[in-house]
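Fold and geometry: a report
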Amino acid sequence: MKGDKNVDVQALKDIANKLRIDSIVATNASKSGHPTSCASMAEVMSVLFFHTMRYKVSAPRDPSSDRFILSKGHAAPILYAAWAEAGLFPVEELTHLRRVDSDLEGHPTPRLSFVDVGTGSLGQGLAVAAGMAYVGKYFDQVPYRVYCLIGDGEAAEGSVWESLHFASHYKLDNLVVIFDVNRLGQSEPTSLQHQLDVYDARLKAFGLHSLVVDGHDVAELAKAFDQAAATSGKPTAIVAKTFKGKGFPGIEDKDNWHGKALGAEGDKIVKHLQSQLANPSISIKPQPPTVQAPKVHISDITLSAPPAYKPGETVATRLAYGTALKKIADTNMRVIALDGDTKNSTFSDKLRNAYPDRYVECFIAEQNLVGVAVGAACRDRTVAFVSTFAAFFTRTFDQIRMAAISQSNINLVGSHCGVSIGEDGPSQMGLEDLALFRTIPTATVFYPSDAVSTERAVELAANTRGICYIRTSRPNTAILYPNDEVFKVGQAKLVRQSAKDQVLLIGAGITLHTALQAADTLKASGINARVLDPFTIKPLDTTAVLAHARACGGRVVVVEDHYQAGGLGEAVLSATASARDVVVSHLHVREVPRSGPPEVLLDKYGLSAPHIVNAVQAVMKL
């Protein structure tokens, strides 16, 4: 390279064609992949990785380095090729693409040291990039930049436009969004094809500095990236007109080549591309970052003060969440809160009021909300807590499952769960959330039942790797535990027991309290009931469930404010499935509920103390 602002055009052209060659060779070796999707972005990758971006090849996730997110994850081979050509690993290893013993998977995942997040479920990369850029601009306050490459096909995803709005609103001028407008989708041309003026107008309307360029002109691309770096107060969008299969004679800009290795045709094209190289041995060393990001400490997070509740006091667990969130923020300045305009209901506003610079309002755009949190947590820069109503996490399931693939450490808190929210009705009732989060392989699912256990759940989540979900309730509930009670992930708590217990009641959240009411009624009729609080639904304390079930004659009644499938009841049923001496009765919400007062709804849908008593009397007869 001749210098930071000078462009060695031929060298970058050669690198682009080498990346094309690498992509063909890799996909031919695996007999699958997306070489034509790689070819359209070859010049963009060449300019970014070998001219514009500052990063350390020796430390791909160095917090001081520029970031690159490949949102169109199916073009993974050219990302792998860029890092190989930069010197991270031998180019020959690209032929291991998609092998079961190789981390060069069909779509990028963080099994690779140079990949921050998994991509491939389209429309999600920009939210992650925006989260990274937000951290860079407002928390780290260092000049690393974030680049996100988006396919024109995925630009039809609404989540992309949620993220563009977020990036514009927060003036993320350290973010560059590159649209690879290659005209062709998977099965047919995209809706806009090469109407670059439409992309440009929409992006400008969203408040971005938009530049339309020839995506195969390395000098024009380099100039556009320089202009982006010189732009303040708004993110830049580079609308690159490209052609799918660029440089592939007979294939360029032709339909029906998506996701296909080129086979024998590819061998011919490789020879053609090799003939285009002015310097086949060209090698350019990337430039390292100039400013170091601050070191941060995000482990051993504690509450600034223990819970301080009085016996007989009633406190909503959602309120206790807000209290605990502010307390852990007291002790660690990298604890941040993100919310979707529900902060005065989830009580994340307690952190906002104390530390406004560490609160990120994402407005009513929950998919972007979760994606931004994933980006904010990348490279261990923050401890992110995301809150909204439990019901609204269902629309973010794809972002959550991709966060698990991304090995992300984010904490999600869903309030207003179940019919106990009352009059707002079924659209606001989280009745599917436990099922959602229990399916996530990296998830820990907390379901605290009082304010003390909620505060400790927040503290534990802040120190637990993977995705943590905390389910909080709307109504006030009684304090059950002393303020110095110790809680652990996967360890249940007995809240009532005797030596003569005949049935085990298991509830969580609001239903733990109705179970205790039922136990009082049962005791008056001569039946002793043991009551178990699971605290975490995943991992469930299987040992405790089985031991206490057997201690109670093998009779168990589970009651939950959730639909039947996938919740606490099915977790208990799974834990006891191989125990022939245990019978489980499961009370749950059996239909789409109606609006009404909380107590009325709990009774109408079979979760109140009288219904639990009836279930116990039935199970006692078995």
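An unreviewed UniProt entry lists the protein chain under the name transketolase, with Plutella xylostella given as the organism. You can read under Sequence similarities (unreviewed entry) in the UniProt record for the protein chain the words "Belongs to the transketolase family." The Subunit (unreviewed entry) field of the UniProt record for the protein chain holds the comment "Homodimer."

1. Focus: the sheet that holds strand β1 (residues 67–70)
By definition, the strands of a sheet pair up through backbone hydrogen bonds, in either a parallel or an antiparallel sense. Within the open sheet, the five strands sit side by side as β1-β2-β3-β5-β4. Their pairing is parallel. Of all the strands in the sheet, the pair left with one neighbour each is β1 and β4 (209–214). Neighbouring strand axes in the sheet, compared pairwise and without regard to direction, differ in orientation by 20° on average. Relative to strand β5 (residues 236–241), strand β3 (residues 175–181) runs parallel, the two sharing six bridges. By the bridge assignment for β5, Phe 179 is matched with Val 239.

2. Comments concerning the pairing of strand β19 (residues 583–589)
One face of the sheet, then the other: side chains in a regular strand alternate in exactly this way. The pairing of strand β18 (residues 555–563) with β19 spans six bridges and is parallel. Of the residues in β19, the one forming a bridge with Arg 555 is Val 583. Regarding the hand of the β-α-β motif, the stretch spanning β18, helix α19 (residues 568–576) and β19 is right-handed.

3. Digging into unusual backbone geometry
Residue Pro 539 follows Lys 538 across a cis peptide bond; omega there is 0°. Tracing the backbone through its elements, the reader meets Pro 539 in the loop between β17 (536–538) and α18 (542–551). For Gln 141, which is not a glycine, the phi torsion comes out positive at approximately 55°. Given the relative accessible area of 61%, Gln 141 is considered exposed. The backbone phi angle of Gln 193 is positive, close to 45°, even though this residue is not glycine. Among the secondary structure elements, Gln 193 is positioned in the loop between β3 and α7 (196–205).

Reading guide: rules and limits
- Residues numbered from 1 in each chain as written.
- Predicted model: local features only at pLDDT ≥ 70, side-chain atom pairs only at ≥ 80, totals over all residues.
- Heavy atoms only, no water.
- UniProt positions renumbered as here; feature names shortened; annotations may be inferred.
- Pairing = 2+ DSSP bridges.
- Helix = DSSP H or I, 4+ residues; strand = E, 2+ residues; numbered from the N terminus.
- Axes fitted to C-alpha atoms, helices over the stretch in contact; angles between N-to-C directions.
- Right-handed = clockwise from strand over helix to strand, strands pointing away.
- Buried < 20%, exposed > 50% of the residue type's maximum accessible area, 1.4 Å probe, protein only.

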